[in-house]
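Take a look at the letters that make up each chain.
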Amino acid sequence: MLSRRKTLYLLFVLLLLLSLTLFTGCRAPTADEPIDEDDTDVSEPDEPDEPDEPDEPDEPVRIVIAQGETTISWDPPQDWNTEGEWTIQNAYDYLFSRTSDGTGWEPELAKDWERIDDRTVRFYLEEGVKFHDGTEMTAEDVKFTYRRILDGSRDLFMVFNQYQWIDHMVIHDDYTIDIVSKEPNGLFLWQLAQTNNGAGIVSKAYTERVGPEGLHEEAMGTGPFIPREYVRDEHILFDTNQNYWREPVNYDELEFRIIPEVSTRIAELMTGGVDITYDIRPEDEDRVNAQDHLRSEWVATGRGIMLTIRTGVESNENWPEPDRPDEPEHNRVFATEDPRVREAIELAINKTQLGEITGGIGQPFRSRGPFGPLPESSDYIYGPDADLYDPARAQEILEEAGYEPGEPTLVMHSPTRWPQGDIAHIIADQLEAVGFTVDLILLDYSTWLTDITTPRRFQEFTLSDTGGNYNPFFATSEFTLGRMRQAPPTFEHDPPFMDQLEAIDELLNQAWTEVSDDEARYAAFHEATAMIADLRYSRIGLIQRSTLWGMSDRIDYTPRRTDPDIYGYEIRYVP
């Protein structure tokens with residue numbers, strides 16, 4: 001009989017052999033072993049895996065721009081308001097555009113161009129460019145875009161006058177078009193581009209289908225962004241055009257948020273509600289730069305702060321004497337009709353001091369003429385020599401003109417918005433220091449624009465913030481009388497100045513029509529703009545406008561030097 005210990009030992013060995021046999025029988029065959037299809041796996045099936053949770057979709061990347069004004073129309077030539085143009089240009093492309101510094105040209109829908117003769121420039125278009133509705137853009141659309149302006153009216157299109165220099169257009173094929181001017185034209189590209197002056201190329205088929213009212217309500221361009229939502233005076237939201245003919249931007253949405261108050265725009269920038277804004281007040285510069293996620297940058301632009309000024313009785317129809325409103329000879333006589341008063345005004349103003357309000361980088365200038373570094377400009381009208389500050393001489397001139405201290409009284413209109421409101425106060429103080437009395441009337445921008453500037457109901461002068469000074473055509477067109485005149489007159493031309501204006505007109509026509517001799521064209525511009533500056537007719541230039549931008553570190557963006565227009569295609573998202 002086995003002992004109890006041996007019996008337990010044998011049972012343990014048997015159990016071990018049994019477990020090894022079971023383990024070997026259940027293992028999977030190796031790659032070299034045949035699979036026995038009769039084998040049956042009786043083990044419990046594995047529990048099915050829980051399905052993976054679907055990935056959350058990525059939030060679209062939206063770049064937000066805060067600006068002060070909205071657009072009023074999606075039809076490019078209908079809305080020439082500066083900030084409205086900033087908005088709609090993101091839905092359209094142009095034949096070409098100015099470089100950021102305002103001195104050259106860069107292709108857009110026209111990949112190249114050449115001058116055929118004194119009146120003709122031929123444009124070669126990009127092929128395969130699609131409108132937002134998927135139809136192809138061709139030379140027919142380019143011709144249609146300009147033809148509808150030429151055949152329109154000033155009431156229909158704000159830019160109507162600026163295009164009347166075009167005589168006709170000739171289409172050679174779908175991608176080649178000639179634009180022919182009425183006169184030999186040395187400023188052809190300047191006139192066609194101006195400030196992208198309503199020149200966004202529209203779809204001929206779409207516009208003919210929906211009419212001008214339809215295009216007014218909904219854009220149809222080839223641009224890098226497609227409008228999705230527009231709430232007037234609140235915001236404009238664009239989707240990125242993923243089928244854009246150039247490389248699309250690296251973000252999904254672009255929003256323009258309408259915030260009239262600069263302080264509110266800055267607050268939104270500080271808290272991350274917006275990525276970019278402009279016209280930050282200098283006192284807020286350090287506060288912005290103190291934030292790790294923000295930066296600021298001063299940029300001198302093509303805009304100019306200037307006095308738009310009354311010069312003669314023919315411009316006084318809005319200001320008759322109350323008791324004799326129908327007798328033109330009794331219209332109000334403005335002090336600024338006397339050229340000696342206008343000279344005293346310019347000598348009384350310290351332009352360099354005005355420039356310190358806007359960063360100290362904008363140059364003084366004397367009249368609305370081309371800004372440097374354009375060769376059409378000169379040191380006489382732009383730069384340090386254009387600050388004629390001489391208060392002692394200003395006082396002498398007023399005495400010579402027969403005025404006692406405190407005379408004459410000047411009525412000055414200005415908007416309150418920065419920097420015009422701040423500059424207006426300083427100008428008033430400087431004028432009163434030499435013996436003028438200044439009645440300063442400050443208005444909100446909308447009221448100033450609709451009640452004073454547009455109907456030209458200011459009195460001695462108003463303080464304007466005007467663009468186009470990086471464009472020799474646009475900066476001088478209001479001073480001409482002759483056949484090439486394109487802009488509507490600022491004022492009726494006054495008999496006391498006709499001799500000078502006729503000489504200026506002759507010089508500017510020479511500058512505009514000269515095609516082959518650059519030096520002759522520049523010389524004519526320099527002489528004409530010097531005469532305009534000394535005449536102080538219509539304008540007294542003060543200081544080149546500078547803008548302080550604020551930007552978040554989410555974007556890579558260099559503000560433009562022409563007008564401070566915001567073109568979303570030049571913005572890059574920084575993850």
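Every residue gets a number counted from 1 within its own chain, in the order that chain's sequence is written. The predicted nature of this model means local features are confined to residues of pLDDT at least 70 and side-chain atom pairs, given and counted, to a pLDDT of 80 or more, with totals for whole chains, interfaces and linings taken over all residues. The side-chain quantities take in all heavy atoms of the structure and omit both hydrogens and water.

Undergrad: Quick rundown of the packing of aromatic side chains? Include the residues and the values.
TA: Each aromatic pair joins two rings of Phe, Tyr and Trp (for Trp, the six-membered one) with centres within 6.5 Å, and gets the label stacked for planes under 30 degrees apart, edge-to-face for over 60, and tilted for any other angle. Considering all chains together, one arrives at 22 aromatic pairs under this definition. With centroids separated by 6.0 Å and ring planes inclined at 25°, the aromatic side chains of F225 and Y251 adopt a geometry described as stacked. Of this pair, F225 sits in strand 8 (residues 225-231) while Y251 sits in the loop between strand 9 (235-240) and strand 10 (253-258); the two residues are 26 residues apart in sequence, bridging distant segments of the chain. Chaining the aromatic ring pairs together yields one cluster made of W74, F225, Y230, F238, Y251 and F256. We call a charge positioned above a ring when the Lys NZ or Arg CZ atom is no farther than 6 Å from the ring centre and deviates by at most 35 degrees from the ring normal. The side chain of R310 reaches across the aromatic face of F458, ending 4.6 Å from its centre. A cation over an aromatic ring shows up here: R417 above the ring of Y445, its NZ or CZ 3.6 Å from the ring centre. Per the convention used, a helix needs a DSSP run of H or I reaching at least four residues, while a strand needs a run of E reaching at least two, with both numbered from the N terminus.

Undergrad: Go over the nonpolar core with me, naming the residues and quoting the values.
TA: To qualify as a nonpolar core, a set must consist of buried Ala, Val, Leu, Ile, Met, Phe, Trp, Tyr and Cys residues joined through side-chain atoms within 4.5 Å. Note on classification: 1.4 Å probe, protein chains only; a residue is buried when its accessible area is under 20% of the maximum for its type, exposed when over 50%, partly exposed between these limits. Counting residues in each nonpolar core, the largest one holds 64 residues, and the members touching the most others are L95, F123, Y146, Y163, I179, L192 and I566. Tallying contributions element by element places helix 3 (residues 139-150) first for this core, with 6 residues. V262, L307, V341 and A344 belong to the second largest nonpolar core, which has 44 residues in total.

Undergrad: Please provide a residue-by-residue account of the pairing of strand 5 (residues 120-125), values included.
TA: Strand pairing requires that DSSP identify at least two bridges connecting the strands. Where strand 4 (residues 110-117) meets strand 5, 6 bridges bridge the pair, whose relative direction is antiparallel. Residue pairing in the sheet places R115 in a bridge with V121 of strand 5. Counting the residues that bridge the hairpin from strand 4 to strand 5 gives 2 residues. Here strand 5 pairs with strand 7 (residues 176-181) via 5 bridges, running antiparallel. Residue F123 lies in a different strand from strand 7, and its bridge partner there is I177.

Undergrad: How would you summarise the pattern of salt bridges if you had to cite specific residues and measurements?
TA: Salt bridges are identified by distance alone: a Lys or Arg side-chain nitrogen within 4 Å of an Asp or Glu carboxyl oxygen. Considering all chains together, one arrives at 28 salt bridges under this definition. Between R287 and D284 there is a salt bridge, and its shortest N-O distance comes to 3.1 Å. Judged by its relative accessible area of 42%, R287 is partly exposed. A relative accessible area of 14% places D284 in the buried class.

Undergrad: Outline the side chain of D284, supporting the account with residue identities and numerical values.
TA: By the element assignment, D284 lies in the loop between strand 11 (276-277) and helix 7 (285-289). For this analysis, a polar contact is any N or O atom pair within 3.5 Å, provided that within protein one partner can donate a hydrogen and the other can accept it, and provided that sequence-adjacent residues contribute only side-chain to side-chain pairs. A distance of 3.1 Å separates the side chain of D284 from the side chain of R287, its partner in a polar contact.

Undergrad: Break down the environment of A193 for me, citing the residues and quoting the values.
TA: By the element assignment, A193 lies in helix 4 (residues 188-193). For A193 and F96, which are 97 residues apart along the polypeptide, the C-alpha to C-alpha distance reads 7.3 Å. Throughout, a contact is declared for two residues whenever any of their heavy atoms are within 4.5 Å. Residues in contact with A193, not counting those within four places in the same chain, are F96 and W105.

Undergrad: Could you give an account of the packing of helix 3 against helix 5 (residues 204-217), naming the residues involved and the relevant values?
TA: Axes, fitted as lines to C-alpha atoms, cover a helix only where it is in contact. Angles between the N-to-C directions of the axes lie from 0 to 180 degrees. Contact geometry of helix 3 with helix 5 gives a least axis separation of 11 Å together with a crossing angle of 30°. Relative to helix 5, the element helix 3 lies roughly parallel. Note on packing geometry: the crossing formed by helix 3 with helix 5 is right-handed. On the side of helix 3, the interface is formed by E140, D141, F144 and R148, while helix 5 contributes K204, A205, T207, E208, P212 and L215. Working definition: roughly parallel below 35 degrees, roughly antiparallel above 145 degrees, roughly perpendicular at 65 to 115 degrees, and oblique for all remaining angles. Note on convention: near helix rotated counterclockwise from far helix by under a right angle means a left-handed crossing. Clockwise means right-handed.

Undergrad: An account of the side chain of E108 is requested, with residue identities and associated values reported.
TA: For E108, the position within the fold is in the loop between strand 3 (105-107) and strand 4. Excluding its chain neighbours within four sequence positions, the residues that come into contact with E108 are D93, Y94, L95, F96, S97, E126, W245, R246 and Y567.

Undergrad: Can you tell me about the confidence of the model for the chain, naming the residues and giving the values?
TA: On average, residues of the chain carry a pLDDT of 85, and 82% of them reach 70 or more. Values of pLDDT, which run from 0 to 100, indicate the predictor's confidence residue by residue. Looking across the chain, the model is least confident in helix 1 (residues 4-26), with a mean pLDDT of 44, and most confident in strand 5, with 98. Confidence over residues 1-43 falls short of pLDDT 50; this stretch has 6 contacts with residues more than four positions distant or in other chains. Overall, residues 483-493 carries pLDDT values under 50, and its contacts beyond four positions in sequence, including any with other chains, amount to 47 contacts.

Undergrad: Residues and numbers for helix 14 (residues 498-513), please.
TA: Here helix 14 is 16 residues long and its end C-alpha atoms lie 22 Å apart, about the 22 Å a rise of 1.5 Å per residue gives. Turning to helix 14, its buried residues are L501, I504, D505, L507, L508, N509, A511 and W512. Buried residues belonging to helix 14 abut helix 13 (472-476) and helix 15 (518-535). Helices are assigned an expected span. That span is 1.5 Å times one less than the residue count.

Undergrad: Describe the sheet that holds strand 6 (residues 166-173), naming the residues involved and giving the relevant values.
TA: With antiparallel pairing, 4 strands are arranged side by side in an open sheet as 4-5-7-6. Single-partner strands in this sheet number two, and they are strand 4 and strand 6. Adjacent strand axes in the sheet meet at a mean angle of 20° when their direction is disregarded. Of the strands in this sheet, strand 5, strand 6 and strand 7 touch helix 3, which is tilted by about 165° from strand 6.

Undergrad: Residue-level account of unusual backbone geometry, with values.
TA: Here the bond from E407 into P408 is cis, since omega is -10°, no more than 30 degrees from zero. Relative to the helices and strands, P408 is located in the loop between helix 10 (391-400) and strand 13 (409-415). At the junction of W418 and P419, the peptide bond is cis and its omega measures out at 0° in the coordinates. Tracing the sequence through the fold places P419 in the loop between strand 13 and helix 11 (420-433). Positioned with a positive phi, D279 is a non-glycine residue whose angle comes to about 60°. Mapping D279 onto the fold places it in the loop between strand 11 and helix 7. Non-glycine residue S538 carries a positive phi angle of around 80°. Looking at S538, the relative accessible area reads 1%, which means it is buried.

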